[in-house]
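Results of the structural survey
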Amino acid sequence: MQIDKWRIYLLAFIGGVLGEVTLMIAGILLGGMIGRWQGGAEMADLGLAILGALVGIALGAGLGVYLTWRRMGLSFSPWRAWLGSILAVGGIMALAEPTRLNQAAGLLWALLIGLPPFLTMLLAHPRGPRI
């Protein structure tokens with residue numbers, strides 16, 4: 001049974017988005033709690049919640065794509081998946097200020113949700129079924 005190539009990529013993208021949203025929510029909650037435990041000085045809970053969201057997006061996109069492709073029987077290195085998502089999040093955040101992307105929060109979050117799974121799929125192309 002031959003699986004369509006586009007279906008594999010679509011399922012991997014959906015798996016990456018689900019993984020990053022799950023870990024993003026966990027990162028927001030954990031970062032906010034750590035900020036409050038530290039006394040909540042000024043806006044520490046907000047800053048740590050945003051940092052937790054970014055780390056959750058970077059780790060979750062790679063993990064979601066990796067687990068989806070592994071479930072389909074395709075093999076590749078999980079490090080390539082995490083490298084792709086970390087490069088995507090780092091690139092978006094590095095370019096947010098010079099391109100004034102941080103002033104358009106909706107576009108910034110859309111890029112943070114959509115680009116890491118896409119770049120992960122490009123860098124972590126599967127080798128084929130495991131035997």
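Structure first, text after, so check above.
Presented here is a report on the structure given in the accompanying data block. (Residues numbered from 1 in each chain as written. Predicted model: local features only at pLDDT ≥ 70, side-chain atom pairs only at ≥ 80, totals over all residues. Heavy atoms only, no water.)

Structural notes on the side chain of Thr120
- Within the secondary structure, Thr120 is located in helix H4 (residues 105-123).
- At 3.4 Å, the side chain of Thr120 forms a polar contact with the backbone oxygen of Ala81.
- The residues touching Thr120, leaving out its near neighbours within four places in the chain, are Ala61, Gly62, Val65, Ala81, Gly84 and Ser85. (Helix = DSSP H or I, 4+ residues; strand = E, 2+ residues; numbered from the N terminus. Polar contact = N/O pair within 3.5 Å; in protein donor to acceptor, adjacent residues only side chain to side chain. Contact = heavy atoms within 4.5 Å.)

Structural notes on the pattern of salt bridges
- In the structure shown here, the tally under the stated rule is 1 salt bridge.
- Linking Arg36 and Asp45 is a salt bridge whose minimum nitrogen-to-oxygen distance equals 3.9 Å.
- The exposure class assigned to Asp45 is partly exposed, which follows from its relative accessible area of 24%. (Salt bridge = Lys/Arg side-chain N within 4 Å of Asp/Glu carboxyl O. Buried < 20%, exposed > 50% of the residue type's maximum accessible area, 1.4 Å probe, protein only.)

Some thoughts on the environment of Ala58
- One can find Ala58 in helix H2 (residues 44-71).
- Once the C-alpha coordinates of Ala58 and Glu20 are considered, the two residues, 38 residues apart in sequence, prove to be 7.0 Å apart.
- Setting aside residues up to four positions removed in sequence, Ala58 forms contacts with Trp82, Ser85, Ile86 and Val89.

Looking at a nonpolar patch on the surface
- A cluster of nonpolar side chains, namely Leu30, Met33, Ile34, Trp37, Leu48, Leu51, Val55, Leu59 and Ile86, defines an oily patch on the protein surface of about 820 Å² accessible area.
- Those elements that provide at least two residues to the nonpolar patch are helix H1 (5-37) and H2.
- Here Val55 is to be found in helix H2. (Patch = residues over 30% accessible without salt bridge, like charges linked within 9 Å, V, L, I, M, F, W, Y side chains within 5 Å. Areas by Shrake-Rupley, 256 points an atom, 1.4 Å probe, with all protein chains shown as cover.)

Describing the packing of H2 against H4
- It is the contact of H2 with H4, at a shortest axis distance of 9 Å, that shows an interaxial angle of 40°. Handedness of the crossing formed by H2 with H4: right-handed. Contacts between H2 and H4 involve Ala53, Leu54, Ile57, Ala61, Gly62, Val65 and Trp69 from the first element and Trp109, Leu112, Ile113, Pro116, Pro117, Thr120 and Met121 from the second.
- Looking at the contact of H2 with H4 residue by residue, the classes come out as 12 nonpolar, 2 polar and no charged. (Axes fitted to C-alpha atoms, helices over the stretch in contact; angles between N-to-C directions. Left-handed = near helix turned anticlockwise from the far one by under 90°. Nonpolar A, V, L, I, M, F, W, Y, C, P; charged D, E, K, R; others polar.)

Regarding H2
- Between its first and last C-alpha atoms H2 spans 39 Å; for 28 residues at 1.5 Å apiece the expected length is 40 Å, and the two agree.
- Positioned one or two residues after H2, Gly73 has a phi angle of 90°, which is positive. (Expected span 1.5 Å × (residues − 1).)

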